[in-house]
Every structure is written in structure tokens, then in C-alpha cells.
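Summary of the model geometry
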There are 2 protein chains.
Amino acid sequence: MPIRLDDIDRRILRVLQAEGRIPNSELAERVGLSATPCLRRVRALEEAGVITGYRADLDRTRIGLGLTVLVGVKVDGHRDENARAIQEALQAMPEVVSCHLVSGETDFLLQVVVPDLAAYERFLLGTLLKLPMVKDIRSNIVIRTVKENAPLPLG
Amino acid sequence: MPIRLDDIDRRILRVLQAEGRIPNSELAERVGLSATPCLRRVRALEEAGVITGYRADLDRTRIGLGLTVLVGVKVDGHRDENARAIQEALQAMPEVVSCHLVSGETDFLLQVVVPDLAAYERFLLGTLLKLPMVKDIRSNIVIRTVKENAPLPLG
DNA sequence: AGTGAAAACCGTAGCGT
DNA sequence: ACGCTACGGTTTTCACT
């Protein structure tokens, strides 16, 4: 399943992970290629599914979302039975910006983004705890984001 | 600290969160503006720090990073004393793609990306446990990523 | 704040290497 | 595979509403 990447591909991915909106002409310059083959490689990486998309990163605090909470969720009974229903419910919650099914102390680990503690309480009581198969919830309030969405290490 | 956003700003942010490389002309069309004011708004959002950057999303499995682990780290003594040293160490580790200082069961929660379990073992024993002030580590292996980096809810 | 036109710049296809 | 050239489209500036 992993795709073979050469050195230039890796350079392209490194640049695009940091500057997703850079013009192809400048990308080409930075990776030491002319524009045409550079664009061809980018398209090939997109079509191979290596690059899955592009997106703008926002500063949460500036759009009134000052609180991030990392939430561990345990579910009732055997995970396999409930997994799909819970996953769909979590996926539909806009406050949940990421959700992983894990093996460890909890079943799911969520990243929840809300304006403040009052909103988090509302989310917890009104939404998350309303799910029928939730057994236990551990809330880890984020005090400081040390690092977020850092570039993936490319060899 | 939060910036005032009107309806069109929110529409712009919604589009750019999903399609960060969309041409301005098309963005303008989608939000119901002509190109010039649309670009002005995007620039203003960038300068106000609402948009902090743009980036390509990669498929980890296709670049040979098949394993994600969410790691809880407890540190010795009072957090404040060690916090800076640990944070700097974690920030320098390329396998650590995100790192949050939290209040809850653990002190730090990390997202670690590696090729496989063998590489994770190497990271754990050779890097993370080498930090002098680490007291306890809980590894939550990601079985399935249900949702990741979903768009932030914009009112 | 938005519009429209013009200039500069960029993306992309075709072809040659 | 890379690079060049050329065309068409996009971004960006500017004068105006």
C-alpha cells in the first residue's frame, strides 16, 4: 500500500505540508525542478492518494473557540457491537474535530472544541452523555497546545 | 481576542477549511462575491491571524507511517518546573505530531506517528523514556481513525 | 465595501530533448 | 522523466461607484 517516493517527491510533500497554497512555480523552484514536471508530480501524488487534500488552518481562539478538551470515552459491552452506532453519532457532532478508536485505557479518544467551559458542560451533559452506550468519560482540559498538526516525518 | 466575523467571512472560512487550494475566483463565486473583495477578505483574515496557514493533508499509510499512537505522559514533581524542558524535547521529536499540556489524568497527551510497532517500541524505549522527568506512559494504539481534523464549527 | 477592466503572473498542454 | 514555449486562465492592482 505505501507508494514509492523519491527525494524530490519528499521535498514536494515537505513544502506542501507547510505551505499548501504556494504557487506551483515557486514550489518548483524550491524543489529544484521546472514548473511542468513539478506540477506533474503534484498531480501524481494527488491521484495516488498521497496528498488527500488542502486546507486552511484557523486560529481557534480568534473565532471564539477558546477551549479544547481531549476526551476519553468508554462504551458498554463489546466494542464491536456498539462501535458503528457510536462512531456515527460522534462523527455527526461538530464539536468533535477528531475521533480515534483505540486499544488502551479507553475505547475512543476525542478532541472536542468549544467556546468555553459552559459550552463544554452543555456538550457533555446534553450530547455526549445522552449516547446510550457510554459507560465512562474522562475529560482532559487542554491548558496549552505545545505542538499541533506538525508535518509528518518523511524519511 | 476573538475577531468579529460576518456571514461572508464565515462562508470563506468554511470553504477554505475544506479546500485550501481553491482559486480565489471560485471561492468568490461560492461565497457570492466578486474576486476582488473576496481576496481582500482572505488577506484580512490572514493578517488578523484567523487563517494561520495552508497545508496539504497526506495519507499516512501511503507514506509508510501506518501506526498512530495516542500517548499519555506523566512527569515527575511539579509540572511547572519541568514543563519547559519537556515541551522543548517533545517539540523536537518528529514522530510527535501533536502535543498538548492538559489537566486531567496525565500531564501531556501526544499523538505519535510511526511506521509500525517495532518503530514505536524504538521510539518509546530509545527516545521518550530517555527523558529524565517522565514518570509514567500510557500508550493508546489507534485502531481506526473515525474522524480527523474536521472543520471547526463556525457559528 | 463592491465592481470592472487591465496588467502581471501562473497553470497546463504539446512537443522536443 | 525533464524542460521549453505558448496559450488561456487567475490573481492582483487601480480607478470608480
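Just above, that's the structure.
None of the values given here were measured: they were computed from a predicted structure.

Here we look at the side chain of Ser98 of chain A
Structurally, the position occupied by Ser98 of chain A is in strand E3 (residues 96-103). Residue Ser98 of chain A is classed as buried on the basis of its relative accessible area, which comes to 8%. Every residue in contact with Ser98 of chain A, bar those within four places of it in the chain, is listed here: Leu109, Leu110 and Gln111 of chain A together with Lys147, Glu148 and Asn149 of chain B.

Concerning empty space enclosed by the protein
This structure, assessed with the given rule, holds two cavities of 30 Å³ or more. Quantified by volume, the largest cavity comes out at close to 290 Å³. Considering the residues around the largest cavity, the lining is formed by 20 residues, among which Leu70 and Gln111 of chain A together with Leu70, Ser98 and Gln111 of chain B are closest to the centre. The set of elements that each furnish at least two residues to the lining of the largest cavity consists of strand E2 (67-75), E3 and strand E4 (108-114) of chain A together with strand E2 (67-75), strand E3 (96-103) and strand E4 (108-114) of chain B. Split by residue class, the lining of the largest cavity holds nine nonpolar, eight polar and three charged. Looking at the lining of the second largest cavity, the elements that each hand over two or more residues are strand E5 (134-147) of chain A together with E2 and strand E5 (134-147) of chain B. Grouping the amino acids of the lining of the second largest cavity by side-chain chemistry returns four nonpolar, six polar and four charged.

Brief notes about the protein's contact with DNA strand D
What surrounds DNA strand D is a group of 13 residues, the closest being Thr36 and Arg41 of chain A together with Pro23, Asn24 and Ser25 of chain B. Thr36 of chain A is positioned such that a nitrogen or oxygen atom in its side chain is 2.7 Å from a base nitrogen of DNA strand D. One of the side-chain N or O atoms of Thr36 of chain B is found 3.2 Å from a base oxygen in DNA strand D. Where the surface near DNA strand D is concerned, the elements lending two or more residues are helix H3 (35-47) of chain A together with helix H2 (24-31) and helix H3 (35-47) of chain B. Tallied by class, residues from the surface near DNA strand D come to five nonpolar, five polar and three charged.

Quick notes on the rules
Residues numbered from 1 in each chain as written. Chains lettered and ligands numbered in written order. Predicted model: local features only at pLDDT ≥ 70, side-chain atom pairs only at ≥ 80, totals over all residues. Heavy atoms only, no water. Helix = DSSP H or I, 4+ residues; strand = E, 2+ residues; numbered from the N terminus. Buried < 20%, exposed > 50% of the residue type's maximum accessible area, 1.4 Å probe, protein only. Contact = heavy atoms within 4.5 Å. 1 Å grid on protein atoms, 1.4 Å probe; cavity = no way out; pocket = protein on both sides within 12 Å on 5 of 7 lines; lining within 4 Å. Points joined across faces, edges and corners; volume = space filled by probe spheres on them. Nonpolar A, V, L, I, M, F, W, Y, C, P; charged D, E, K, R; others polar. Near = heavy atom within 4 Å. Polar contact = N/O pair within 3.5 Å; in protein donor to acceptor, adjacent residues only side chain to side chain.

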